[in-house]
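So the chains spell out like this:
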Amino acid sequence: DWIGVAAAVALARRLFRSEGVARLSAVLWAIHPLLIWHAQDARSNYALWAGLSALAMALFLHATARNRPRDWALYLTAEVLAFYLFFLEAFVLVVQVLYLVITRAPGSVWRRVIYVWTVLAALLLPWLAHIWLLSRSGYQGTIEPASPGRLLTWVFGTLLLGDQPAAPWDA
């Protein structure tokens, strides 16, 4: 996912002001087993979402630094696309609020952020309506029962290795 590689470089440059860290982030994004696995899966939107989410964050940092309408429009576009791909993008908004609080963003940036997020909420109304209708349809999706053992072997293994290693107690 080249969008993610480019966004990782942009984020690293802005946050760390270091070309070395930017190159390292690009390499880590490019070789991460889970991202490679999802990028090869034609049915998966996770790789695209990860790239768009990182791009939205990079554009958010750029927009807060410049506070120009054009930059906010680019951020809004990336954020809407990321939300439509995966609902967990909402956690990125929490990170963005924390960033604004930690950096003590000026009032003009807060006003633009609130305006942009209001427009974002309006653009997400069809998405929210779809979720509401789907939740009332009886569709179960791929729901499986929770398993602490599977959390240790499947989630963390897939996240770190890109595969599901066998559990020690399965030997």
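Residues numbered from 1 in each chain as written. Predicted model: local features only at pLDDT ≥ 70, side-chain atom pairs only at ≥ 80, totals over all residues. Heavy atoms only, no water.

A. Quick peek at the confidence of the model for the chain. Across the chain, the average pLDDT comes to 87, with 85% of residues at 70 or higher. When the elements of the chain are averaged for pLDDT, helix 9 (residues 148-161) gives the smallest value, 70, and helix 7 (residues 107-123) the largest, 97. (pLDDT = per-residue confidence, 0-100. Helix = DSSP H or I, 4+ residues; strand = E, 2+ residues; numbered from the N terminus.)

B. How the structure looks around helix 2 (residues 19-31). Taking 1.5 Å per residue, 13 residues should reach 18 Å; helix 2 reaches 18 Å between its end C-alpha atoms and fits that length. Buried within helix 2 we find A22, S25, A26 and W29. For helix 2, the arc enclosing every buried residue in end-on projection is 100 degrees, short of the 170-degree limit, so these residues lie on one face. Facing away from the buried side of helix 2, by more than 90 degrees, are the exposed residues R23 and I31. Those residues of helix 2 hidden inside the fold are in contact with helix 1 (2-16), helix 3 (33-40) and helix 4 (46-66). (Expected span 1.5 Å × (residues − 1). Buried < 20%, exposed > 50% of the residue type's maximum accessible area, 1.4 Å probe, protein only. Arc of directions from axis to C-beta. Contact = heavy atoms within 4.5 Å.)

C. Spatial organisation of the side chain of S53. Relative to the assigned elements, S53 resides in helix 4. For S53, a relative accessible area of 10% translates into the label buried. Ignoring anything within four residues of it in the chain, the contact list for S53 reads A82, E89 and V92.

D. Representation of the environment of A30. Turning to its location among the elements, A30 is positioned in helix 2. As a C-alpha pair, A30 and W2 span 28 residues in sequence and 8.0 Å in three-dimensional space. In this structure, A30 is in contact with V5 and I36, ignoring residues within four places of it in sequence.

E. Structural context of unusual backbone geometry. With a phi close to 55 degrees, N67 is a non-glycine residue in the positive phi region. With respect to the element layout, N67 can be found in the loop between helix 4 and helix 5 (69-85). Looking at N67, the relative accessible area reads 19%, which means it is buried.

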